[in-house]
Amino acid sequence: CFAEAAATHLELAKMNTLNERRASESSWQAAELYAKAGDTSRAVQLHQEFVRERPDDPLVPRAWLRMGQLRHGARQFRAAIAAYQECYRRFPRNLDGARALVPLAQCYVGLGADSLELAEKTLRVVLQQSEVFTPEAPEFADALFLLGDVLSRRGEFERAVATLEEALDRYPDDPRVRRTRFLLADSYRQSALALRREISKAQFEGEIEQIRNESAQRLATARDLYRQVVAEYETQDPANLDPVERMYLRHAYLYEADCYFETQNFHAALKLYEEAAGNYRDLPSGLAAYIQIINCHVFLGQPEEARAALARALVLVNAMPQEAFEQSASPETRSSWKTYFEWLGESGLF
């Protein structure tokens, strides 16, 4: 097994104390074998000993990188950050030193919203200051795609749009293109909604009209991008999509419809919401679609159709498998959905 092989390599390192090259190789192999055995703590310890006992060894930058990677893989983000920072601080012009930057940013993302600014600053070092990476380097692409994600998470939708479009232009064949296109669509949609909120601050009619037009244009762009996402995923067997891809497809259906709804194209929105409700009748997403189906009928002046949609929604709530609610990322339970739809029916709104 890996642990036994690691122990053997440690013995070889001790036996070759007079042959530094062989001792170094054996020590390195022992650490990597412990990592393969799943003993992260022992692997990190051996890499720490490696850099302490062999400070001039060419593998020292990689040892620091590996300490970060091992802790990163164990989701020990703060310990991984310390190792990645030390790796880059000591060896900024070394390839392994520079390779610490993108995973360092990933660890900041892993820590949550309060560390996203640090993630952005780290990625900009790769993209704007690095003496090692050019746009042809995989690490440059990794940094650009991740920066778009980080900006989107920070709510910096204008900057996210520019970054995500650059990533798609530079790397059209990258496997992250579909996810990036979804994020780009969402950034356009979110920026359009943010613009709408600016209308209350506008003082002149011309300014209000300009904001409305710009918002509508962004929603149209988002709508077209969501349609591309749907079209690309629909060419695949649904069974071959991983959970994240299924989530993107599901949200793309709903958000495309939302874009039509926000521009008051209720007929087009209604058609898409009905498709989503049919496709996701076994998921809470189908119930979310029904809320908008009801809203579309109300805005179209069709109260009878709204009441019929509400009746279908209540049937769907009762028929939906319990595990659909338990596995959903949404906090709403079957009971909360029923309570909401029952209240809607008694509200007299239609």
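Residues numbered from 1 in each chain as written. Predicted model: local features only at pLDDT ≥ 70, side-chain atom pairs only at ≥ 80, totals over all residues. Heavy atoms only, no water.

1. Observations concerning the overall build of the protein chain
Let me state the cut-off plainly: The helix count covers DSSP runs of H or I at least four residues long, the strand count covers runs of E at least two residues long, and both are numbered beginning at the N terminus. The globule rule used for comparison is 2.2 Å times the number of residues to the exponent 0.38, while the radius of gyration itself is calculated over C-alpha atoms. Partly exposed describes any residue whose relative accessible area lies between the buried limit of under 20% and the exposed limit of over 50%, with all areas from a 1.4 Å probe on protein chains only and scaled to the type maximum. Here, residues are in contact when the closest pair of their heavy atoms is within 4.5 Å. Shrake-Rupley sampling with a 1.4 Å probe provides the accessible areas, and residues are treated as covered by the protein chains on show and by no other component. As used throughout, the charge tally considers Lys and Arg to be positive and Asp and Glu to be negative, leaving His and the chain termini uncounted. Where a charge sits is defined by one atom per residue type, namely NZ (Lys), CZ (Arg), CG (Asp) or CD (Glu).
Within the protein chain, the secondary structure is distributed over 18 helices and zero strands. Its C-alpha atoms give the protein chain a radius of gyration of 27 Å, clearly above 20 Å, the size a compact globule of 350 residues would have. Expressed as lengths along the three principal axes of its C-alpha atoms, the size of the protein chain is roughly 90 × 50 × 35 Å. When burial is assessed residue by residue, the protein chain has 46% of its 350 residues classed as buried. Looking at the protein chain alone, contacts between residues at least 24 apart form 53% of all its contacts between residues at least 6 apart. Accessible area for the protein chain stands at about 18500 Å²; split by element, carbon and sulfur atoms hold 49% of it. Side-chain charges of the protein chain comprise 42 positive and 52 negative groups, with the mean position of each set lying 4 Å from the other.

2. Quick look at the packing of aromatic side chains
Where we set the bar: Each pair of aromatic rings taken from Phe, Tyr and Trp, with Trp reduced to its six-membered ring, is defined by centres within 6.5 Å and is described as stacked if the planes are under 30 degrees apart, edge-to-face if over 60, and tilted in the remaining cases.
One pass over the structure, following the stated rule, counts 13 aromatic pairs. Relative to Y273, the ring of F261 has its centre 6.5 Å away and its plane inclined at 70°; by these criteria the two rings are edge-to-face. With F261 in helix α13 (residues 243-262) and Y273 in helix α14 (residues 266-279), this residue pair connects regions lying 12 residues apart in the sequence. Classification of F261 by relative accessible area gives buried; the value is 15%. Y273 sits in the buried class, given a relative accessible area of 1%. What links up through ring pairs into an aromatic cluster is the set F182, Y226, Y248 and Y255.

3. Focus: unusual backbone geometry
In this model, R75 sits at a positive phi of 60°, which is unusual for a non-glycine residue. Within the secondary structure, R75 sits in the loop between α4 (60-73) and α5 (77-90). Look at R75 and you get exposed, because its relative accessible area is 60%. Non-glycine residue Q264 carries a positive phi angle of around 65°. You can see Q264 is positioned in the loop between α13 and α14.

By themselves, these observations are geometric and do not establish any function.
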